[in-house]
Amino acid sequence: MNEVIDPRSVDRPNSYIGKSVPRPNARKLVEGRGQFVDDIVLPRMVHAAFVRSPHAHARILRIDAAEALGMPGVLRVLTGKDLEPHCEPWVATLAHLKGMKSAPQRPLPIERATWAGEPVAAVVAESRAAAEDALARVRVDYEPLPAAVDMETALAPGTPVIHPELGDNLCFQRVNETGKVDDAFARAHRIVEATFHTGRHTGATLEPRSILADFNRASGKLTVYHSTQAPHMMQSVFAKHMRLAEGDVRVICGDVGGSYGIKVHVYPDEVAVAVIARLMGRPVKFVADRLESFASDIHARDHRIKARMAVDADGRILAIDVDDLTGIGPYSVYPRTSAVEGNQVVNLVGGPYDFPNFRAKTTVVFQNKTPTCQYRAVGHPIATTVTEGLVDLAAEAVGLDPVELRRRNLMRDDSYPRTSPAGMKFEGLSHIASLDKLLAMMDYAGLRAEQARLRERGIHRGIGFASFIELTNPSPFMYGIGGARISAQDGCTVRIDPDGSVMAATGVTEQGQGTEAVIRQIVAEAVGVPIAEVRVITGDTLTTPYGGGTWACRGTGIGGEAALQAGLAVKAATLKVAGAMLQAQPDALDLVDGHIVEKRSGQARMPLAELARIVYFRGDTLPPDLPRELMQTRHFITKEYPFAFTNGVQACWLEVDVETGLVTLLKHWCVEDCGRIVNPLLVDEQVRGGIVQGIGGALYEHCIYSPEGQLMVGSMADYLVPMAAEMPDIEVGHVETPTKESLLGAKGAGEAGTAGAPAALMNAINDALRPFGAKVLAQPFTPERILAALGKVPARWPAPAPTVAAGSPAHGAGSARAEGFWTRLFGRRGT
Amino acid sequence: MSTQVDITLTVNGERVSRRVEARRHLVDFLRLDLGLMGTHTGCEHGVCGACTVRVDGRIVRGCLVLAASLDGASVETIEGLSDTGEIRDLQEAFVARNACQCGYCTPGMLITAADLLRARPQPTRAEIREHLSGNYCRCTGYHAIVDAVEATARRRNGKAGP
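Residues numbered from 1 in each chain as written. Chains lettered and ligands numbered in written order. Predicted model: local features only at pLDDT ≥ 70, side-chain atom pairs only at ≥ 80, totals over all residues.

Undergrad: Provide a residue-level description of the overall build of chain B, including the pertinent values.
TA: A tally of helices and strands in chain B yields 6 helices and 5 strands. For chain B, the N- to C-terminal ordering of α and β elements is β-β-α-β-β-β-α-α-α-α-α. Across the 162 residues in chain B, those meeting the buried criterion constitute 55%. For chain B, restricting intrachain contacts to residue pairs at least 6 apart in sequence, the fraction spanning at least 24 positions comes to 57%. (Helix = DSSP H or I, 4+ residues; strand = E, 2+ residues; numbered from the N terminus. Buried ≥ 20, exposed ≤ 12 C-beta atoms within 10 Å, placed from the backbone. Contact = placed C-beta atoms within 7 Å.)

Below you can see the structure in the form of structure tokens.
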């Protein structure tokens, strides 16, 4: 019986699942009355600032703090040696990623700095300004060392090995293979081949990374106010590496000013702050400034992917073969590791399509740049760019419309459950229904006609598509089986209070997605109270059930199901008490809109507040052996499927100015199937925000490095992010295929936009450039790169052109053509 | 660095006098000296717009204005604009339309949007996008913000919102 979440029930009292209910915590945010970490001021609080390495790779010979210590307001200067006795180093590997290796990392390095921007010493002062003043007076003698910067040469002889004890700069390598790939290419009608680059970029959260750590020497307890996505994980990390009991560490996560994966990692400067707080016995605050955010927040998506696809004469995909290379900086990032992004690429390439032969290799290498790790839609935009880029090349090669080629190859909606060639288990997806809905929303035929008309006037518009899958609701197969103390289960406690109001404490966290709103809707409906009666507590390891937090699109699917089950349990417990009070069978009663009612007639029998008053204050009037458990906790973990996959398709409509190379985005569409939608308003804004974040990486954002390993973008004036004027209106539609793993049926919704947008945008640009035979495959698609593809300016980077062949070029042949900067499409021969 | 300047100014309608370091910018003054935490620091380069406040009726980047230059000025922050109710309808539209996710950019975004609606009561979507293009929002993708500003303009002009 699925009564609780049947969307047909949305018009009965206190039915909130499926409705666009505003967020309860939004009012304080629009009045500037939220509380972010930097808004918290504690007695005797001091401020940390960090001396950061100016070299990509250097030996630290000596740190002289004497002059800095003489500056006004300066209290301490601490180095790696000072912190070493008080903090265990960490090594970020996962056991299930076979052969993965990384080096021990400390809050501050002792011997060597390994990227420009790595923190090497901390200054603690009475104000942040005083701490910053003193940074310049800390004298660090460095011996610059040769740096391994270019990921393409990371494994080449002669490249410095960053961690000699590891033997080489290889972090992880994996080949994922199914079927007979070489045979398929040998008998292909057409082979398309291309090399894609997804530019290294970063999250640029508007609120920088922020932490305020307070250690009470008398109680021995560490309290950390942290802008994070995973308070329980951080509790475990602080406890383990500072040698504290988990119970002596409390992590409090209030309002978080954007995270997108950036704030789910362990950063050495943040651990240093916690250690320093313990050493000093007073609160220490650190808030990164914008320059240090660019140099020390994790980066992501620094991939070069050689890829090819074999198709038959009908445009059926026979095989996909992918060789991915990614540079992750000098350390794998703790505790999720920096191999997961590459691993996702080899798991997700080809994801929407039905084809038999698959090979994907990822090679993850160390380099002297800022570490990379999981960022919104981890690996998805890369896999989708490669897949959808190949699909469009294949459509062109066999003379099919890109929509038709997709329709011939997408997994059919009635073909589930099934397993993809990459080994992903799909419970139920809706690629074809999503595509049909998208085409209707966008008026595809009309747009094609408009495109043709405008081309005659020298206006070049393009339409690009991207089907995608999105991995959500992860089980322990993501991290737990690899040994990481990252919870895949989550819990919720629901309590009825004496006034009949309801408290829900959840292990999932809020960073603006609307977690509190969604939990509130679910609990209100499950218990049977008006939504205004529910208040939600998140982000505190002391007061919420143990859980993983919010990442990998698990908040609603995992945390929401726990809330639903806890709410239903409270309702059942309440009706048991009500039955005793009203001399009725509990199952003849219901709890609706805050009243105990007769289920059959709907007649009100008693307000919930009256029941609660009696339970809490006049328990003597109830039967002695009657259970009165008006607080229930439930936990949820997925069991049958390692992940619940969301799917969908996006389309992008844009114009390319072929004289300037500027791209004007005109419209973007997305149809997403995230299963049961709890709050359509919030889901749509997750999709829209995600799309724009994907557009950012595809069009503007780039962490550019000099050959010496210096980050060349240090402010928001030179690292461009999407702003309102350049972004299009975005239409969002839905298909709902609930997961049967849970009663709620919700899958994740937050990363799909980012997963598909870059690919749709790339295909649209290349569609606009089609009359010129030009293509861009390296993100970000800057005006310069577009003009280079058009042959109007020289190219400054290797941009091998995509190729189409009738034969079977040896794998990796794309690199032999890397000197060809001009886009060319050749070899339209054969039958 | 240590030069101190005495200033007396009006902040959200209240007179305040402080001795400030010459280098202290307006955001730090509001946050650290007055405890007004609604104004946020985003980049301190004048690019992101998170610290947008009103000085003598005009919007400014708080990180690019020195407190020492504000003797005699009138400063309005999100707290003040909330308490007077001046932008209540705009705030309600932001909540209703979910035009605010993490909320970090929101105070600056609201003050910039209010500035637009004072100057151009019936802006087009393109004008709204243009006016807001100095305020960075990483969460929403801007569409909902544009909707909320547009709806507020319509309501103020006596038309039903979408």
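Undergrad: An account of the overall build of chain A is requested, with residue identities and associated values reported.
TA: A count of helical and extended segments in chain A gives 20 helices and 31 strands. With the C-alpha coordinates aligned to their principal axes, the bounding extent of chain A is approximately 90 × 75 × 45 Å. In chain A, buried positions account for 61% of the 831 residues. For chain A, the share of sequence-separated contacts (at least 6 apart) that also reach a separation of at least 24 residues comes to 79%.

Undergrad: Please provide a residue-by-residue account of the nonpolar core, values included.
TA: Residue and element names in this part refer to chain A. Counting 316 residues, the largest nonpolar core has V123, A394, V523 and I765 as its most contacted members. Looking at which element gives the most residues to this core, the answer is helix α15 (residues 555-582), with 12 residues. Setting aside its immediate chain neighbours within four residues, I765 contacts G462, L654, V656, V663, V776, F781 and I786. (Core = buried A, V, L, I, M, F, W, Y, C linked by C-beta atoms within 7 Å.)

Undergrad: For the packing of helix α3 (residues 88-96) of chain B against helix α6 (residues 143-156) of chain B, give the residues involved together with the corresponding values.
TA: All names here are of chain B. Where α3 meets α6, the closest approach of the two axes is 9 Å, and the angle between their N-to-C directions is 135 degrees. With respect to α6, the element α3 is oriented oblique. Note that α3 runs across α6; the crossing there is right-handed. Where α3 approaches α6, its residues D89, L90, A93 and F94 are matched on the opposing element by A148, A151, T152, R155 and R156. Looking at the contact of α3 with α6 residue by residue, the classes come out as 5 nonpolar, 1 polar and 3 charged. (Axes fitted to C-alpha atoms, helices over the stretch in contact; angles between N-to-C directions. Parallel < 35°, antiparallel > 145°, perpendicular 65-115°, else oblique. Left-handed = near helix turned anticlockwise from the far one by under 90°. Nonpolar A, V, L, I, M, F, W, Y, C, P; charged D, E, K, R; others polar.)

Undergrad: I'd love a proper account of the sheet that holds strand β1 (residues 4-11) of chain B, names of residues and values included.
TA: Residues and elements named next belong to chain B. Overall, mixed pairing links the 5 strands, which are arranged β2-β1-β5-β3-β4 in an open sheet. Edge positions in the sheet fall to β2 (14-21) and β4 (58-61), since each has one partner strand and no second. Here the strands of the sheet are splayed against their neighbours by 40 degrees on average, with no regard to which way each runs. Inspection of the sheet shows β1 paired to β2 by 8 bridges, in the antiparallel sense. Within the sheet, the bridge partner assigned to Q4 lies in β2 and is E21. Against the sheet, helix α4 (residues 106-119) engages β3 (52-55) and β4, with an angle of about 50 degrees to β3. (Pairing = 2+ DSSP bridges.)

Undergrad: An account of the sheet that holds strand β23 (residues 534-537) of chain A is needed here, citing residue identities and associated values.
TA: Residue and element names in this part refer to chain A. Read from one edge to the other, the open sheet built from 4 strands follows the order β23-β22-β21-β27, with strand pairing classed as mixed. Two strands in the sheet have a free side with no partner beyond their single neighbour: β23 and β27 (631-636). Strand-to-strand, the axes of this sheet are offset by a mean angle of 20 degrees, without reference to chain direction. Where strand β21 (residues 490-496) lies against β27, 6 bridges are found, and the strand directions are antiparallel. For D490, the partnering residue across the bridge sits in β27 and is F636.

Undergrad: Any details on the interface of chain A and chain B? Residues and values, ideally.
TA: Contact with chain A, which involves 44 residues of that partner, is made by 41 residues of chain B. Within the residue set of the side of chain A that touches chain B, elements represented by two or more residues are α1 (26-30) and α17 (680-699) of chain A. If one sorts the elements of the side of chain A that touches chain B by residue count, α17 of chain A sits on top with 8 residues. Looking at the side of chain A that touches chain B, its residues break down into 20 nonpolar, 11 polar and 13 charged.

Undergrad: Lay out the domain arrangement of chain A in plain terms, naming residues and giving numbers.
TA: Residue and element names in this part refer to chain A. Structurally, chain A comprises domain 1 (3-34 + 489-636), domain 2 (37-145 + 205-296) and domain 3 (175-202 + 298-475 + 641-816). Of note, the centres of domain 1 and domain 3, computed from C-alpha atoms alone, are 40 Å apart. With 23 residues of domain 1 at the contact, the number on the domain 3 side is 23 residues. Elements with a contribution of two residues or more to the side of domain 1 that touches domain 3: α14 (515-527) and α15. Per element, the largest residue contribution to the side of domain 1 that touches domain 3 is 6 residues, and it comes from α15. (Domains from an automatic or database assignment.)

Undergrad: Tell me about α15 of chain A, and please be specific about residues and values.
TA: Residue and element names in this part refer to chain A. Over its 28 residues, α15 runs 38 Å from end to end, which matches the ideal 40 Å to within 8%, given 1.5 Å per residue. Burial analysis of α15 places 22 of its 28 residues in the buried class, the great majority of the element. Where α15 terminates, the next one or two residues include Q583, which has phi positive at roughly 55 degrees. (Expected span 1.5 Å × (residues − 1).)

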